[in-house]
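Here are the chains, one letter per residue:
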Amino acid sequence: MRIVITGGAGFLGSHLADRLLADGHSIVAVDNLITGNLDNIAHLRERSDFEYRQQDITVPFDLDGQVDLVLNFASPASPIDYLKLPLETLKVGSLGTTNALDLAHRKGARFLTASTSEIYGDPLEHPQRESYYGNVDTIGPRSVYDEAKRYSEAVTMAYNRYQHLDTRIVRIFNTYGERMRLEDGRVVPNFIAQALRQEPLTVYGDGAQTRSFCYVSDLVDGIVRLAMLPRSDDSKNPVNIGNPREMTILEFAQFINALTDNPSGIIYKADERIKGDPQTRRPDISRARALLGWEPRVPLEEGLRRTINYFETRV
Ligand code: UDP
C-alpha cells in the first residue's frame, strides 16, 4: 500500500512509518514540524519507499499518485504543547482532519484517525469502555484538545455515513517510548529527565491521580491491526488502544526513581495544569482483544528501560 501519515515526523507518526515500511508498504509523511521533528525520520529520508512533504494540513492539500490509506496523526498532543498552541490544536483536529478526509475521499483510500482517551474527559466510568460518552469540560484549558478530537471523531463518522468512506477511529491512551520530546512536558519525559539529572521528580497535586502507560511498539501494533482489518459493519466504531496496567502518578514516580537509582526523591508541585487533570484513566481493552486479537506485550519496566536509554544521551 501507499500510505500517507499526517504528523509523520512526530512521535507516533514516525514509529508507524518504521513499522509499515518494515511490513513492505511505502510511506508519504506529511508534517508542518510545529511539534514534529525531522530527526525522527532522518534514518528514512534516503529510502525510495519513503517521501516527506512539509505541509500544514489545516490548509487544503493534494498529493500526486495513488493513496491506499491515510493515517491522521497530526496534532500537538501533550498538555503543554496544546496549551501553547491552542488555536493550532483546534484547527488541526477540525480543519486538518477534514482536509485529510477529503484527500482519502478523492483517492478512494481508507482513513484512520488518532483519537484519544481525552474523549472521556475526567471519567465517571472506570475503566473506560468505548461506549462511555465522557465527562468533558467544553471551556476548560484542556478543551482545545478534547473538543478538537471530539470534532475529529464526528467529522470522521460523517464521512463514513454520508460519503461511504471506510474509516477507523483509534482512541489512544497514555503512550511512551523513544522519540518523545524531552521538553514536551508530559510525565514520562519530565520524570525521566529529572531522574537522569538526579533531581527530585515533580508530582503535580497529591499524585493520587492514575494513568495507564502503553509502550509505543504495542500501541503501533494495535493501530496497524485496526488499519488493516477488513471493512465490516463494526470496523468504523472507535477502539481503545492502551495498556490497562494502572498506577498512581506517585507510584509511577517511585518506580522511575527505583529504575534510575535516583536518590533525590519526589517533590509535590501545585502546577496550574492540575485544573481539569483527569483523576483516573484506564482503558477497557475488551473490544481491541475481540476485534483485533490485540493486547499489550511489553512490560512497563522493559519499556521504561528502553526509553531511559534513549533519553540518556539527550539530557
Ligand atoms: N504530571 C506530574 N508531573 C509532571 C508532569 C505530569 O505529576 O512533571 C502528572 C499530570 O498532572 C497528570 C499525569 O502526570 O496527572 C499525566 O500527565 P501527562 O502530561 O503525561 O498526560 P495527560 O495524561 O495528562 O494527558
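Structure: see above.
Residues numbered from 1 in each chain as written. Predicted model: local features only at pLDDT ≥ 70, side-chain atom pairs only at ≥ 80, totals over all residues. Heavy atoms only, no water.

A. Fine view of the overall build of the protein chain. Helix and strand content of the protein chain: nine helices and 13 strands. Radius of gyration (C-alpha) of the protein chain: 19 Å, near the 20 Å computed for a compact globule of 315 residues. Looking at the 315 residues of the protein chain, the share that counts as buried comes to 58%. Charged side chains of the protein chain number 37 positive and 43 negative; the gap between the two group centres comes to 3 Å. (Helix = DSSP H or I, 4+ residues; strand = E, 2+ residues; numbered from the N terminus. Rg over C-alpha atoms; globule rule 2.2 N^0.38 Å. Buried < 20%, exposed > 50% of the residue type's maximum accessible area, 1.4 Å probe, protein only. Lys, Arg positive; Asp, Glu negative; His and termini not counted. Charge placed at Lys NZ, Arg CZ, Asp CG, Glu CD.)

B. Layout of the environment of N72. Examined against the element boundaries, N72 turns out to sit in strand β4 (residues 69-72). With 43 residues separating them along the chain, N72 and A29 place their C-alpha atoms 10 Å apart. For N72, the contacting residues outside a window of four places in its chain are T6, I57, T97, A100, F111, L112, T113 and A114. In terms of polar contacts, N72 uses its side chain to reach the side chain of T97, at 3.1 Å. (Contact = heavy atoms within 4.5 Å. Polar contact = N/O pair within 3.5 Å; in protein donor to acceptor, adjacent residues only side chain to side chain.)

C. Quick peek at helix α4 (residues 143-163). Under the 1.5 Å per step criterion, the end-to-end length of α4 is 28 Å for 21 residues, consistent within 8% with the ideal 30 Å. Where α4 ends, the next residue or the one after it, H164, has phi of about 60°, a positive value. (Expected span 1.5 Å × (residues − 1).)

D. Just the pairing of strand β8 (residues 201-204), in detail. A two-sided burial pattern is seen for β8, the buried positions comprising L201 and V203 on one face and T202 and Y204 on the other. Pairing analysis gives four bridges linking β8 to strand β13 (residues 266-269), with the strands arranged parallel. Pairing of T202 across the sheet is with I267, part of β13. (Pairing = 2+ DSSP bridges.)

E. Geometry of the layout of surface pockets. Counted as a void, the second largest pocket has a volume near 200 Å³. Lining the second largest pocket are I119, E130, S131, Y132, Y133, R150, E153, A154, M157 and R171. Per-element tally for the lining of the second largest pocket: the top contributor is α4, with four residues. Along the lines of polarity and charge, the residues of the lining of the second largest pocket split into five nonpolar, one polar and four charged. (1 Å grid on protein atoms, 1.4 Å probe; cavity = no way out; pocket = protein on both sides within 12 Å on 5 of 7 lines; lining within 4 Å. Points joined across faces, edges and corners; volume = space filled by probe spheres on them. Nonpolar A, V, L, I, M, F, W, Y, C, P; charged D, E, K, R; others polar.)

F. Main features of the site of the ligand. Around the ligand there are 19 residues in total, and T202, Y204, R211, D277 and R281 lie nearest to it. Between the ligand and E118, the relevant distance is 3.5 Å, taken from an oxygen atom to a side-chain nitrogen or oxygen of the residue. Between the ligand and N174, the relevant distance is 2.8 Å, taken from an oxygen atom to a side-chain nitrogen or oxygen of the residue. Burial of the ligand by the protein amounts to 97% of the accessible area it has alone, namely 520 Å². (Near = heavy atom within 4 Å. Areas by Shrake-Rupley, 256 points an atom, 1.4 Å probe, with all protein chains shown as cover.)

G. Up close: the packing of aromatic side chains. Considering all chains together, one arrives at seven aromatic pairs under this definition. Here Y120 and Y132 contribute two aromatic rings whose centre-to-centre distance is 6.0 Å and whose plane-to-plane angle is 20°, an arrangement assigned as stacked. Linking Y120 in the loop between β5 (110-116) and α4 with Y132 in the loop between β5 and α4, this pair joins segments that are twelve residues apart in sequence. Neither Y120 nor Y132 differs from the other in exposure class; each is buried. Through successive ring pairs, a cluster of aromatic residues spans Y120, Y132 and F173. Seen from the ring of Y310, R314 lies directly overhead, with NZ or CZ sitting 3.8 Å from the centre. (Phe/Tyr/Trp six-rings, centres within 6.5 Å; stacked < 30°, edge-to-face > 60°. Lys NZ or Arg CZ within 6 Å of the ring centre and 35° of its normal.)

H. Broad picture of the pairing of strand β2 (residues 26-31). For β2, the buried fraction is high: five of the six residues fall into the buried class. Inspection of the sheet shows strand β1 (residues 2-6) paired to β2 by five bridges, in the parallel sense. Its bridge partner being in β2, I3 is matched across the sheet by I27. The parallel pair β1 and β2 is bridged by helix α1 (residues 11-22), and the resulting crossover is right-handed. Relative to strand β3 (residues 50-54), β2 runs parallel, the two being bridged by five bridges. Of the residues in β3, the one forming a bridge with V30 is R53. (Right-handed = clockwise from strand over helix to strand, strands pointing away.)

Bear in mind that shape data such as this cannot, by itself, settle questions of function.
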